[in-house]
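The chain contents come next:
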Amino acid sequence: MKELNVNIQFHLHAYDELSSLDRELIDTARQATYRSYAPYSHFSVGAAARLMNGQIISGSNQENAAYPSGLCAERTTLFYANANHPDTAVETLAIAARNERGEFVDDSIAPCGACRQVMLETERRYGHPLRILLDGQKGICEVQKATDLLPLSFDASAME
Ligand code: THU
């Protein structure tokens, strides 16, 4: 028997410790929560992607009465970025959320499995690490690359 260990690093930053570029991205994700359409969960998520050319794309969760038809903020944002800028890698994705009372969450939210899978594909597609910033009032969690959020993942190489 072999034992394999996965070592994943997360960094927790205070907002003021972030670079001005990262603060701008977090601010954009926070603003995007106000454009969320979440009449069912009342949980408003915003995301902001900074592309390698510095451009920022934002999006939010969009729900639907047919629940599975809705989409998370991360995928809304990444799909828009990739659909409109197919030749430009995403460098950092920031995610912010407000609860049903309209308050920004204390603890940063962890993206769902489907969003992690899409982040991973975006990272591999461009061959560039996709950095992730998870916003929370208690601190901002930084993950260096999408692969760190999805160990033992499935990707195109498994089909070769
Ligand atoms: N949601 C996101 O947009 N991103 C996440 O990382 C977690 C969950 C959305 C989906 C749904 O509209 C609402 O939050 C409640 O799950």
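Note that the structure is predicted; figures quoted are calculated from it, not measured.

Participant: Before we move on, could you go through the packing of aromatic side chains and cite the residues and values that matter?
Facilitator: Per the stated rule, a full pass over the model turns up two aromatic pairs. A ring pair is formed by Tyr 34 and Phe 104, whose centres lie 6.2 Å apart and whose planes are at 80 degrees; its orientation type is edge-to-face. Placement of Tyr 34 in the loop between helix 1 (20-32) and strand 2 (44-51) and of Phe 104 in the loop between strand 4 (90-98) and helix 3 (113-126) is noted, with a sequence separation of 70 residues between them. Classification of Tyr 34 by relative accessible area gives exposed; the value is 54%. Taking the relative accessible area as the measure of exposure, Phe 104 reaches 21% and is therefore partly exposed. Seen in terms of ring centroids, Tyr 40 and Tyr 67 are 5.4 Å apart; in terms of plane orientation they differ by 45 degrees. Their pairing is tilted. Here Tyr 40, found in the loop between helix 1 and strand 2, pairs with Tyr 67, found in the loop between strand 3 (56-60) and helix 2 (73-84); they are 27 residues apart in sequence, far enough to count as distant. Of the residues examined, Tyr 40 reaches a relative accessible area of 37% and is grouped as partly exposed. Residue Tyr 67 is classed as exposed on the basis of its relative accessible area of 59%. Geometry around Tyr 34 places Arg 98 over its ring, the cationic atom sitting 3.9 Å from the centre.

Participant: So what's going on with the side chain of Arg 50? Residues and values would help.
Facilitator: Take Arg 50: it is sitting in strand 2. Judged by relative accessible area, Arg 50 falls into the buried class, the value being 5%. The residues contacting Arg 50, other than those within four sequence positions of it, are Leu 21, Asp 22, Leu 25, Gln 55, Ile 56, Val 90, Glu 91, Thr 92 and Arg 131.

Participant: Lay out the sheet that holds strand 3 in plain terms, naming residues and giving numbers.
Facilitator: Taking strand neighbours across the sheet as the criterion, the six strands line up as 1-6-5-4-2-3 in an open arrangement whose pairing is mixed. At either end of the open sheet lies a strand with only one pairing partner, and these are strand 1 (10-13) and strand 3. Within this sheet the neighbouring strands show an average axis-to-axis angle of 20 degrees, counted without direction. As judged from the eight bridges shared by strand 2 and strand 4, these two strands associate in the antiparallel manner.

Rules behind the numbers
Residues numbered from 1 in each chain as written. Predicted model: local features only at pLDDT ≥ 70, side-chain atom pairs only at ≥ 80, totals over all residues. Heavy atoms only, no water. Phe/Tyr/Trp six-rings, centres within 6.5 Å; stacked < 30°, edge-to-face > 60°. Helix = DSSP H or I, 4+ residues; strand = E, 2+ residues; numbered from the N terminus. Buried < 20%, exposed > 50% of the residue type's maximum accessible area, 1.4 Å probe, protein only. Lys NZ or Arg CZ within 6 Å of the ring centre and 35° of its normal. Contact = heavy atoms within 4.5 Å. Pairing = 2+ DSSP bridges. Axes fitted to C-alpha atoms, helices over the stretch in contact; angles between N-to-C directions.

Just geometry here; none of it tells us what the structure is for.
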